[in-house]
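Per-entry structural report
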Amino acid sequence: MNVGFVGLGNMGWPMARNLRHAGHRVVVHDADTTRAAHFVEEFGGVAAGAPADFAETPVVVTMLPDGRAVAQAILEWQGGIAAALTPGSVVVDMSSSNPLDTRALGGELAQRGLGTVDAPVSGGITRADSGSLTIMVGGDDVQAIERAEPVLNVLAARLFRTGPLGSGHAMKALNNYCGATSYAATAEALAIGQHFGLRGEVMLDVLNAASGRSFNTEVVFKDEVVPGRYASGFALALLAKDVGIAASLAASSGLEAPVCGLVSRRWSQALEELGPTTDHSAAHKAWWSVALTDRESAAAAPGDSAEAAVPAADDARMS
């Protein structure tokens with residue numbers, strides 16, 4: 001199949017590469033035209049210089065920062081990719097977009113005879129690389145979803161049909177909200193525990209053998225926070241955006257959801273203080289000056305109290 005692929009970032013690059021390895025011909029586009037050219041040099045395909053290059057692609061995948069970037073590429077870039085597509089073609093938005101943006105885009109494309117599917121992913125760079133992502137698939141047109149599935153099956157270990165158009169993006173935002181909440185709760189628990197002489201590694205061992213276990217305790221804190229590595233590959237701006245989307249969905253639902261609002265404010269605070277490109281695993285640095293890494297706790301001399309091993313909240317920044 002000829003497949004269009006828009007967005008060759010940390011996730012998009014290995015996803016587009018896997019499509020090439022599966023035998024699909026790809027037409028790629030990225031705001032960084034040099035990156036698109038490098039992709040074609042390494043894996044083949046076509047680097048699109050204009051929307052017309054997508055004319056023979058019945059499926060176009062977008063993997064961009066948000067719904068606004070998707071709309072810009074599909075509707076506006078040199079007149080928009082959509083203008084070059086033949087009726088019956090499908091745009092598959094795999095970005096983390098706001099469901100309301102997705103529905104608006106779907107309405108625009110339907111007027112042109114084009115299908116829209118939202119198919120955001122979970123699994124990070126590692127699973128994008130191995131083609132084992134979890135993909136949440138929303139859409140109003142069953143035939144459009146079926147046309148997209150040969151592409152999605154290359155990229156995923158599991159596909160979940162979530163419901164109507166926008167439901168995939170809603171599910172992605174809510175999943176990341178749950179993850180962000182787990183991270184915030186775990187960070188608080190470790191910070192409090194240090195004041196009682198508990199080491200991060202010990203706390204994680206207990207949590208992972210007990211009811212406090214989560215992806216964050218098993219992976220993020222174990223591999224990134226306690227060792228001080230902070231290299232999960234998932235930017236703080238992206239997670240803060242997804243939690244913000246979840247908060248907006250909560251507000252529009254009319255349901256009382258105080259936890260969602262609080263968690264959104266916490267991650268917005270981290271984003272403001274640490275900057276968008278900071279790895280999300282370092283978010284705790286914006287919340288306290290208490291050290292969560294064992295390296296700093298171990299630096300205390302033998303016989304020092306637990307309190308002495310931890311900088312006072314008013315005196316030091318987290319490292």
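Thresholds, definitions, all that
- Residues numbered from 1 in each chain as written.
- Predicted model: local features only at pLDDT ≥ 70, side-chain atom pairs only at ≥ 80, totals over all residues.
- Heavy atoms only, no water.
- Helix = DSSP H or I, 4+ residues; strand = E, 2+ residues; numbered from the N terminus.
- Rg over C-alpha atoms; globule rule 2.2 N^0.38 Å.
- Buried < 20%, exposed > 50% of the residue type's maximum accessible area, 1.4 Å probe, protein only.
- pLDDT = per-residue confidence, 0-100.
- Contact = heavy atoms within 4.5 Å.
- Salt bridge = Lys/Arg side-chain N within 4 Å of Asp/Glu carboxyl O.
- Polar contact = N/O pair within 3.5 Å; in protein donor to acceptor, adjacent residues only side chain to side chain.
- Core = buried A, V, L, I, M, F, W, Y, C linked by side-chain atoms within 4.5 Å.
- Pairing = 2+ DSSP bridges.
- Right-handed = clockwise from strand over helix to strand, strands pointing away.
- Phe/Tyr/Trp six-rings, centres within 6.5 Å; stacked < 30°, edge-to-face > 60°.
- Arc of directions from axis to C-beta.

Assigned secondary structure in the protein chain consists of 13 helices and nine strands. For 319 residues, the compact-globule formula gives about 20 Å, and the C-alpha radius of gyration of the protein chain, at 22 Å, lands near that figure. Summarising its shape, the C-alpha atoms of the protein chain cover approximately 75 × 50 × 35 Å along the three principal directions. Sorting the 319 residues of the protein chain into buried and exposed places 48% on the buried side.

Moving on to the confidence of the model for the protein chain. Here the protein chain shows a mean pLDDT of 91. Residues at 70 or above account for 90%. Below a pLDDT of 50 lies the segment residues 295–319, which in the model reaches 38 contacts outside its immediate sequence neighbourhood of four places, other chains included.

Moving on, we get to the pattern of salt bridges. Counted under the stated rule, the structure contains seven salt bridges. The partner of R68 in a salt bridge is D66, with the nearest N and O atoms 3.4 Å apart. Of the charged contacts, one joins R213 and E218 as a salt bridge, the two residues approaching to 3.7 Å between their closest N and O atoms.

A separate point is the side chain of S97. With respect to the helices and strands, S97 occurs in the loop between β5 (90–93) and α4 (99–110). When its relative accessible area of 2% is taken as the criterion, S97 is described as buried. For S97, the side chain forms a polar contact with the side chain of D93, separated by 2.7 Å. When neighbours within four sequence positions are excluded, S97 is seen to be in contact with D66, G67, V70, T102, H169 and I245.

The next point concerns the nonpolar core. Ranked by internal contacts, the top residues of the largest apolar core, which has 33 residues, are F5, M15, V92, M94 and I135. Where this core is concerned, the elements lending two or more residues are β1 (2–6), α1 (12–21), β2 (25–29), α2 (33–43), β4 (59–62), β5, β8 (133–138) and α6 (142–155). Here this core takes six residues from α6, the largest share from any one element. Counting 32 residues, the second largest nonpolar core, distinct from the first, contains Y183, L204, F221 and L239.

So, on to the pairing of β2. The buried count for β2 comes to four of five residues, which makes it a mostly enclosed element. The pairing of β1 with β2 spans five bridges and is parallel. Bridge assignment links V3 to a residue of β2, and that residue is V26. Of the crossover connections in this fold, the one passing from β1 over α1 to the parallel β2 is right-handed. Note that β2 and strand β3 (residues 46–47) share two bridges and pair parallel.

With that out of the way, let us pick up the environment of Q194. Relative to the elements of secondary structure, Q194 occurs in helix α7 (residues 167–194). For Q194, a relative accessible area of 4% translates into the label buried.

Summed over all chains, the structure comprises eight aromatic pairs. Here F39 and F43 contribute two aromatic rings whose centre-to-centre distance is 5.0 Å and whose plane-to-plane angle is 55 degrees, an arrangement assigned as tilted. Placement of the pair is F39 and F43 together in helix α2, with a separation of four residues, close to one helical turn. By relative accessible area, F39 is classed as buried at 0%. What links up through ring pairs into an aromatic cluster is the set Y183, F221, W267, W287 and W288.

This brings us to the pairing of strand β9 (residues 156–163). The pairing of β8 with β9 spans six bridges and is parallel. Across the sheet, the residue bridging to T134 is R158, located in β9. Following the chain from β8 across α6 to the adjacent parallel β9, one finds a crossover that is right-handed.

Residues of helix α8 (residues 200–208) that are buried include every one of G200, M203 and L204, and no others. Around the axis of α8, the buried residues are gathered within 95 degrees of arc, so they sit on the same side. For α8, the exposed residues lying more than 90 degrees away from the buried face are D205 and V206.

Tracing the backbone through its elements, the reader meets G138 in strand β8. When the C-alpha positions of G138 and T116 are compared, they lie 9.0 Å apart, and in sequence the two are 22 residues distant.

In this section: unusual backbone geometry. Phi angles above zero are rare outside glycine, and Q78 is one such case at about 45 degrees. Residue position: Q78 is located in the loop between α3 (67–76) and β5. For Y230, which is not glycine, the phi torsion reads 50 degrees and is therefore positive. Relative to the helices and strands, Y230 resides in the loop between α9 (215–225) and α10 (236–253).

Here we come to α9. Three or more residues of α9 are buried, namely N216, T217, V220, F221, E224 and V225. For α9, the angular spread of buried residues about the axis comes to 130 degrees, placing them on one side. Looking at the buried residues of α9, the elements they touch are α7 and α8. Taking the backbone nitrogen of N216 as reference, a side-chain oxygen 3.2 Å away marks S214 as the first, capping residue of α9.

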